[in-house]
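Structural overview for review
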Amino acid sequence: MNITLSLASFISDDFVALFEFYSSTFELDEVEELHSDIFRGAKIGDLTLGFSASVVYEMLNINDWSDAQGTTQYLTFEGGSDDEVTLLTKRALTNGARLLHDLYETYYGAYQSVLADPDGNVFRINHFR
């Protein structure tokens, strides 16, 4: 078997604004062929980071999760250096993120920050040394 992760998606009432937050913060290109009234996609390596309108709760038959609260998963964006992590953290804050854990060195030797996007989803910006 050769399993890969092709798509990681957010569901948001304002999916266009959330798409713009991530694509602007991390300078990601839109996957134009996926552009629709209910979806935007941004390319990050071999992965598409997706942003769906709330209507997908019904479309995917997952209405029971439409009122979910709290973070059950989070994304980690890997920078190329400590300086890049610092730059991306500042850019994310400028674009509307909230800082949850200031830049620090982890116990496993990475340099990272922990933030929440404008919808409250937790994400990290990281550099493994």
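I will try to describe carefully the structure that is included in this document. (Residues numbered from 1 in each chain as written. Predicted model: local features only at pLDDT ≥ 70, side-chain atom pairs only at ≥ 80, totals over all residues. Heavy atoms only, no water.)

Another aspect to go through is helix H3 (residues 82-94). With 13 residues, H3 extends 19 Å between its outermost C-alpha atoms, agreeing within 8% with the 18 Å of an ideal straight helix rising 1.5 Å per residue. Among all positions of H3, only Val85, Thr86, Leu88, Thr89 and Ala92 are buried. Contacts made by the buried residues of H3 are with helix H1 (15-25), strand E6 (98-105), strand E7 (110-116) and strand E8 (122-128). Of the residues trailing H3, glycine 96 is marked for its positive phi of about 115 degrees. (Helix = DSSP H or I, 4+ residues; strand = E, 2+ residues; numbered from the N terminus. Expected span 1.5 Å × (residues − 1). Buried < 20%, exposed > 50% of the residue type's maximum accessible area, 1.4 Å probe, protein only. Contact = heavy atoms within 4.5 Å.)

Attention now goes to the sheet that holds strand E3 (residues 39-44). Strand order in this open sheet of four strands is E1-E4-E3-E2, and the pairing throughout is mixed. Only two strands of the sheet have a single partner each, and these edge strands are strand E1 (7-12) and strand E2 (29-30). Sheet analysis places E1 next to strand E4 (residues 47-53), joined by six bridges and oriented parallel. Bridging from a neighbouring strand, leucine 7 pairs with threonine 48 of E4. Helix-sheet contacts for H1 involve E1, E2, E3 and E4, and the interaxial angle to E4 is about 155 degrees. (Pairing = 2+ DSSP bridges. Axes fitted to C-alpha atoms, helices over the stretch in contact; angles between N-to-C directions.)

Turning to a negative patch on the surface, a few remarks are in order. A cluster of like negative charges, contributed by Asp13, Asp14, Glu20 and Asp119, occupies part of the molecular surface. Along the polypeptide, glutamate 20 turns up in helix H1. (Patch = residues over 30% accessible without salt bridge, like charges linked within 9 Å, V, L, I, M, F, W, Y side chains within 5 Å. Areas by Shrake-Rupley, 256 points an atom, 1.4 Å probe, with all protein chains shown as cover. Salt bridge = Lys/Arg side-chain N within 4 Å of Asp/Glu carboxyl O. Lys, Arg positive; Asp, Glu negative; His and termini not counted. Charge placed at Lys NZ, Arg CZ, Asp CG, Glu CD.)

Applying the stated criterion across every chain, the model contains 14 aromatic pairs. Centroid distance tyrosine 22 to phenylalanine 26: 6.4 Å. Interplanar angle 15 degrees. Geometry classified as stacked. A single burial state applies to tyrosine 22 and to phenylalanine 26, both of which are buried. Between phenylalanine 26 and phenylalanine 123, the aromatic rings sit 6.2 Å apart at their centres with planes inclined by 80 degrees, giving edge-to-face as the arrangement. Taken together, the residues span a long stretch of sequence, with phenylalanine 26 in the loop between H1 and E2 and phenylalanine 123 in strand E8 at a distance of 97 residues. The exposure class assigned to phenylalanine 26 is buried, which follows from its relative accessible area of 12%. We classify phenylalanine 123 as buried; its relative accessible area is 0%. Members of the aromatic cluster, joined through ring pairs, are Phe10, Phe19, Phe21, Tyr22, Phe26, Phe51, Phe77 and Phe123. (Phe/Tyr/Trp six-rings, centres within 6.5 Å; stacked < 30°, edge-to-face > 60°.)

Without other data, these values stay purely geometric and don't point to any function.
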